[in-house]
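# Fold and geometry: a report
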Amino acid sequence: MSQNIVVKTLQNDRFARTTEVTINDKVIQTPNFCTLVQNETELDSLINLNMLSETKHLGTYTARVFDVPKVIIPRLENKFQVSIANLKSVEEPFLKFTRKNILIIDPSLEYLLYEFHANKFANAIKQLRTEPKQLDVLLKYLEERDAKKEKIKESEYESWKKAFHKQFWFNLDRDQSARNKFAGDYLDLETICNTEVILPPVPVVDSEGMFDIARSINSFAKTIAPRTKPCATYLLFQKTMLSNDSLVAKVVNYLENDPTQLTIIKIKNLDIWTAGCVRQRENYKKLMDVMFEARKRDPEKIFMALESWYVSYASACYGYNIVSTTMTGFDRDSEFGSNTFGSWFDPDWMYYISFDELKEKVLKNTNHVMPCYCSVCKKIKDLSAVSRDDWYNFRREHYALTMNEYMRQISQAITDRTIELARDKLANSQLALLQSLIPRQ
Ligand SMILES: [Zn+2]
């Protein structure tokens, strides 16, 4: 088992706790918010936020494998360049940031099914790999899929694609040496990307058969992962998993028996705050129940959610210690809004409002102040004078600070032994249905 993670419980309140987690000599406070960084501008924003004293509950960040050549690699290449002004590295702010913050590379293998980032993915593998044929198996898969797309009707393509994806993983699972080479090569890729936690390269799971493959990749990865870094258990699901009771039961059983210290779970396109998702919410709660029980047995265990979207707050109150979303809070692949003033996350509603709605709200306030206390919003004196470029950064920084503030509030409630009040915060928001995820007592 990994020796690289030390978990110290600070405060306990029934089903919730605050901890200090040390990973590779870096210390974070939980509950913790981990930001997914998708481009250079977002990383700059996060570096700026890190200099504020209020950001005690940030400290982890994640990047997807295919974004690394643009987001992380240039910074590392520039780090030896010295600025004439102060004789320090031109990347000094980044280097200072990396000395405190933990980078977690997301293997992102769901994009073997979803096509959104396929080109970026193929290019990144070619750019990052250190040996000529490394991970050719993935490139071949992507090429074959593209070729087929050209040849068959759109209506047939979707079901062919799903079957082809499944076949890829089942073939890999049957051929042990191919699977082992794939896993080894992928861990190398994550290491090249400078990850500080290893995530086994698992498929996106929608059935018990795929779950078995994810399980075997998880156990094999632990036997070959570098000893200098912790290797997590990583489980990646399609959201249909939450309506599949027997799959949930299998996952619960696995989590009960897995001795790994850090477990990371991603459920794609999670949208259980909506009406009609009763069963899905119950199953999400079941997963958190087992996390709570596991932590009771072994306080050194921690759980992290990736792409937890609007469910982040409720997750951080109960099952999970670290939650993560994109820097806008939207965890769905979309081009929407790239050319407009993007919407703003309302801290009280715990939901997005459009830029126009925000403008109306501001006009109603005395002195036309922003309806938020974060240090970014406090700086905005005249919303209608903000440029589109500045707004791009402001709303992201505001969102990360809001998540940091939520984590601080949860932490304070645990210290005050009033964690059940977290249900009230949800009750008064647009996410009232998520109350049921947090125990009453
Ligand atoms: Zn704000």
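Attention in this report is confined to the structure presented alongside it. Since the model is a prediction, treat every value here as computed from it, not as a measurement. Residue numbers run consecutively from 1 along every chain, following the written order of its sequence. It should be noted that, the model being predicted, local features are given only for residues of pLDDT at least 70 and side-chain atom pairs only at 80 or more, the latter also being counted only at that level, while totals for whole chains, interfaces and linings use all residues.

A few words now on the sheet that holds strand 4 (residues 32–36). In space, the seven strands of this open sheet follow the order 6-5-4-10-9-8-7, with parallel pairing throughout. Two strands bound the open sheet, and with one partner strand each, they are strand 6 (102–106) and strand 7 (233–237). For this sheet, the mean angle separating the axes of adjacent strands, direction not counted, is 20°. Two strands form a pair only when DSSP identifies at least two bridges running between them. Numbered from the N terminus, helices here are DSSP runs of H or I no shorter than four residues, and strands are runs of E no shorter than two. As paired strands, strand 4 and strand 10 (residues 322–326) are joined by five bridges and run parallel to one another. Among the inter-strand pairings, L36 is bridged to a residue of strand 10, identified as T326. For helices, the axis comes from a line fit to the C-alpha atoms of the stretch in contact; other axes are also lines fit to C-alpha atoms, and the angle between any two N-to-C directions lies between 0 and 180 degrees.

Next up on the list: the nonpolar core. Grouped together as the largest cluster of nonpolar side chains are 120 residues, with contacts concentrated most on M304, A314 and C317. If you tally residues by element for this core, the top one is helix 15 (residues 388–415), at ten residues. Two residues form a contact once the distance between their C-beta atoms, set from the backbone, is within 7 Å. M304 has contacts with L262, I264, Y320, N321 and I322, leaving out every residue within four places of it along the chain. One nonpolar core equals one set of buried Ala, Val, Leu, Ile, Met, Phe, Trp, Tyr and Cys residues connected by C-beta atoms within 7 Å. Buried, partly exposed and exposed are defined by the number of other C-beta atoms within 10 Å of a residue's own C-beta, namely 20 or more, between the two limits, and 12 or fewer respectively, with C-beta atoms placed from the backbone.

Moving on: the environment of W309. Relative to the elements of secondary structure, W309 occurs in the loop between strand 9 (302–306) and helix 12 (312–317). With 16 residues separating them along the chain, W309 and T325 place their C-alpha atoms 5.5 Å apart. Beyond its immediate chain neighbours, meaning those up to four positions away, W309 contacts L270, T325, G329 and D331.

Attention shifts here to the pairing of strand 7. Counted residue by residue, strand 7 has five buried out of five residues, so it is predominantly covered. Residues T233, L235 and F237 line one face of strand 7 and the alternating positions Y234 and L236 line the opposite face, and both faces are buried. By convention, orient the strands away from the viewer: a clockwise path from the first strand over the helix to the second makes the crossover right-handed. Handedness of the strand 7-helix 10 (residues 245–257)-strand 8 (residues 262–267) crossover: right-handed.

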